[in-house]
Amino acid sequence: MDDLQQLFNRHRKYILYLLAIFVLGWGFSSFQSIFMGLILGTSISFFNLWMMVRRMDKFGEAVLAGRKMRSLGTLSRMAAAILAVFIAMQYPETFNLISVIIGLMTSYLVIVIDALISILFRKDKQREER
């Protein structure tokens, strides 16, 4: 499970960098509702990623101990996403709904981009070893 924690730490760093960029965009641009939507969606996305990693740790411990696990928390992650959309719909002047939805996908985009980068680096290392 150390690999999972290393991945999460790397993903956390990337997401926090993105959140910092979004905060700067909110503070220094005229597209404040768009950046607020990105901030809200990305924050919920990061929370969902953290919750998933925590559940996967517990799942790994349960498997090693021979116990069963009820679920990986899909319902609670969906509820968090629905809450973000609900907030955006209640305050459309503050949060752009499309930006919230894009923000909700941020952690998945970070995971995919990180995986692609690690695959590319792995190929480069294999070429250097030859």
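Our structure's up above, just so we're on the same page.
Residues numbered from 1 in each chain as written. Predicted model: local features only at pLDDT ≥ 70, side-chain atom pairs only at ≥ 80, totals over all residues. Heavy atoms only, no water.

A. Up close: the overall build of the protein chain. On a plain count of helices and strands, the protein chain comes out with 5 helices and 0 strands. In sequence order, the secondary structure elements of the protein chain are arranged as α-α-α-α-α. Relative to the globule expectation of 14 Å for 130 residues, the C-alpha radius of gyration of the protein chain, 18 Å, shows a markedly less compact shape. Overall size of the protein chain, expressed as C-alpha extent along the three principal axes, is 50 × 45 × 15 Å. A buried classification covers 28% of the 130 residues belonging to the protein chain. When contacts within the protein chain are restricted to residue pairs at least 6 apart in sequence, long-range pairs at least 24 apart make up 68% of them. (Helix = DSSP H or I, 4+ residues; strand = E, 2+ residues; numbered from the N terminus. Rg over C-alpha atoms; globule rule 2.2 N^0.38 Å. Buried < 20%, exposed > 50% of the residue type's maximum accessible area, 1.4 Å probe, protein only. Contact = heavy atoms within 4.5 Å.)

B. Layout of the nonpolar core. Judged by nonpolar contacts, F8, I15, L19, F22, F35, L38, I39, F46, L49, V53 and V110 together constitute the single largest core of 11 residues. Broken down by secondary-structure element, the contributors of at least two residues to this core are α1 (2-28) and α2 (32-65). (Core = buried A, V, L, I, M, F, W, Y, C linked by side-chain atoms within 4.5 Å.)

C. Here's a closer look at the packing of aromatic side chains. Applying the stated criterion across every chain, the model contains 3 aromatic pairs. Pairing F8 with F46 gives two aromatic rings, centres 6.1 Å apart and planes at 10 degrees, and the pair type is stacked. With F8 in helix α1 and F46 in helix α2, this residue pair connects regions lying 38 residues apart in the sequence. A centroid spacing of 6.5 Å and a plane angle of 45 degrees characterise the contact between F22 and F35, whose relative ring orientation is tilted. Here F22 is found in helix α1, whereas its partner F35 is found in helix α2, with 13 residues between them in sequence. Of the two residues examined, F22 and F35, each falls in the buried class. (Phe/Tyr/Trp six-rings, centres within 6.5 Å; stacked < 30°, edge-to-face > 60°.)

D. Structural context of the pattern of salt bridges. With the rule as written, the count across this model stands at 1 salt bridge. The residue R10 makes a salt bridge to D114 at a minimum N-O spacing of 3.0 Å. Here the residue R10 occupies a position in helix α1, and D114 occupies one in helix α5 (residues 106-129), the gap between them amounting to 104 residues. Residue class for R10 comes out partly exposed when judged on its relative accessible area of 30%. Judged by relative accessible area, D114 falls into the buried class, the value being 6%. (Salt bridge = Lys/Arg side-chain N within 4 Å of Asp/Glu carboxyl O.)

E. Quick look at the side chain of N48. For N48, the location among the structural elements is in helix α2. Assessed through its relative accessible area of 10%, N48 is described here as buried. If we skip the residues at most four places from it in the chain, N48 touches R77 and A80.

F. Looking closely at the side chain of S107. Residue position: S107 is located in helix α5. Its relative accessible area of 3% is what places S107 among the buried residues. Excluding residues within four positions of it along the chain, S107 makes contact with I15, S45 and L49.

G. How the structure looks around the packing of helix α3 (residues 74-90) against helix α4 (residues 97-104). Relative to each other, α3 and α4 sit at 160 degrees, their axes nearing to 9 Å. Taken together, α3 and α4 sit at an angle that is classed as roughly antiparallel. α4 is crossed by α3, and the crossing has right-handed handedness. Residues A81, A84, V85, A88 and M89 of α3 touch α4, and the partners they reach there are L97, V100 and L104. (Axes fitted to C-alpha atoms, helices over the stretch in contact; angles between N-to-C directions. Parallel < 35°, antiparallel > 145°, perpendicular 65-115°, else oblique. Left-handed = near helix turned anticlockwise from the far one by under 90°.)

These figures capture arrangement, not role.
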